[in-house]
Amino acid sequence: MAALEAAVAADGVSVQILTDTWRRDAILDLIVVSNDAQMDGPAFVSELKHRIRFNAPVALTHGDGLSPRCSRSPALPSWVGDCFFGMVLGKTDENTKYAAQIRSSPAIAVFTGDKAHPDHWMRVGRSFERFALLATALNIRLAMINQAVEVSAVRTELATLLGIKGQRPDLVVRFGSASPMPMSLRRPTHAVARPLMA
């Protein structure tokens, strides 16, 4: 824990590592509220559906997105996934999954920048990258659980819970020991990079 905390040390960034059950359960409650709000939003659900790859050939063709291997979901023909997406993806099942994941994780890290400003968001991102790299070297697995940050009203409640009222928590991550998941697909740089202006 001390090594992970030291890895994220940076001017303008703080991290809280939570191992106590009551605060992890309180964060879970906020994640459930946030997930409910997001799943009730048509724009969020539409973007989520756009990012899901229902089978390996489609995932490989796109080179990105959420593949069935990563979600441990069965592979489906795309047309079947499109038809049944709304019936399969439900708030209750998602919340049950998040509860099991968070309760099985021994710790949660919350990263906060001193200011709600792009410069501090970049600092938080760099601190998280150092945290993630060291965690990987230590054979520790991690996963984002950012719902409580993504819904602004709930983000304020999260800050109050953490004793940083008036600040803006930026990233929430659960971590611990687990079997490795399949690596995410990534498109090559040339497929997404814009050419430099002359």
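Given the structure is predicted, the values throughout are model-derived calculations rather than measurements.

Chemist: Can you help me understand the packing of aromatic side chains in this one?
Modeler: Two aromatic rings are characterised by how far apart their centres lie and by the angle between their planes. Counting across every chain of the model gives three aromatic pairs. An angle of 90° between the planes, with centres 5.9 Å apart, marks the rings of Phe111 and Phe128 as edge-to-face. With Phe111 in strand β2 (residues 107-113) and Phe128 in helix α8 (residues 118-137), the pair connects residues that are 17 residues apart, well separated along the chain. As far as the burial class goes, Phe111 and Phe128 line up, both buried. Joined through ring pairs, the aromatic side chains of Phe111, Phe128, Phe131 and Phe175 make up one cluster.

Chemist: Which parts of the structure should I look at to understand the packing of helix α2 (residues 21-39) against helix α10 (residues 152-161)?
Modeler: The angle between the axes and the distance between the axes are what describe a pair of packed helices. Relative orientation of the contacting elements α2 and α10 amounts to 175°, with a least axis distance of 10 Å. Here α2 lies roughly antiparallel to α10, going by the angle between them. Contacts between α2 and α10 involve Trp22, Arg23, Ala26, Ile27, Leu30, Val33 and Ser34 on the former and, on the latter, Val154, Glu157, Leu158 and Leu161. Residue classes in the contact of α2 with α10 are distributed as eight nonpolar, one polar and two charged.

Chemist: Just to check I follow, could you spell out the pairing of β2 for this structure?
Modeler: Where a strand is regular, its side chains alternate between the two sheet faces. The element β2 is largely enclosed, with a buried count of seven among its seven residues. Where burial is concerned, the two faces of β2 agree: the one with Ala107, Ala109, Phe111 and Gly113 and the one with Ile108, Val110 and Thr112 are both buried. Where strand β1 (residues 13-18) meets β2, six bridges bridge the pair, whose relative direction is antiparallel. Residue pairing for β2: Ile17 is matched across the bridge by Ala109. Pairing of β2 with strand β4 (residues 168-176), which is carried by seven bridges, proceeds in the antiparallel orientation. Bridge pairing in β4 links Phe111 to Leu171.

Chemist: Honestly, the side chain of Asp64 in this entry has me stumped. Any pointers?
Modeler: Turning to its location among the elements, Asp64 is positioned in the loop between α4 (56-62) and α5 (68-71). Looking at Asp64, its side chain comes within polar contact range of the side chain of Arg53, at 2.7 Å. In contact with Asp64, not counting residues within four places along its chain, are Arg53, Ala59, Leu185 and Arg187.

The rules behind these values
- Residues numbered from 1 in each chain as written.
- Predicted model: local features only at pLDDT ≥ 70, side-chain atom pairs only at ≥ 80, totals over all residues.
- Heavy atoms only, no water.
- Phe/Tyr/Trp six-rings, centres within 6.5 Å; stacked < 30°, edge-to-face > 60°.
- Helix = DSSP H or I, 4+ residues; strand = E, 2+ residues; numbered from the N terminus.
- Buried < 20%, exposed > 50% of the residue type's maximum accessible area, 1.4 Å probe, protein only.
- Axes fitted to C-alpha atoms, helices over the stretch in contact; angles between N-to-C directions.
- Parallel < 35°, antiparallel > 145°, perpendicular 65-115°, else oblique.
- Contact = heavy atoms within 4.5 Å.
- Nonpolar A, V, L, I, M, F, W, Y, C, P; charged D, E, K, R; others polar.
- Pairing = 2+ DSSP bridges.
- Polar contact = N/O pair within 3.5 Å; in protein donor to acceptor, adjacent residues only side chain to side chain.

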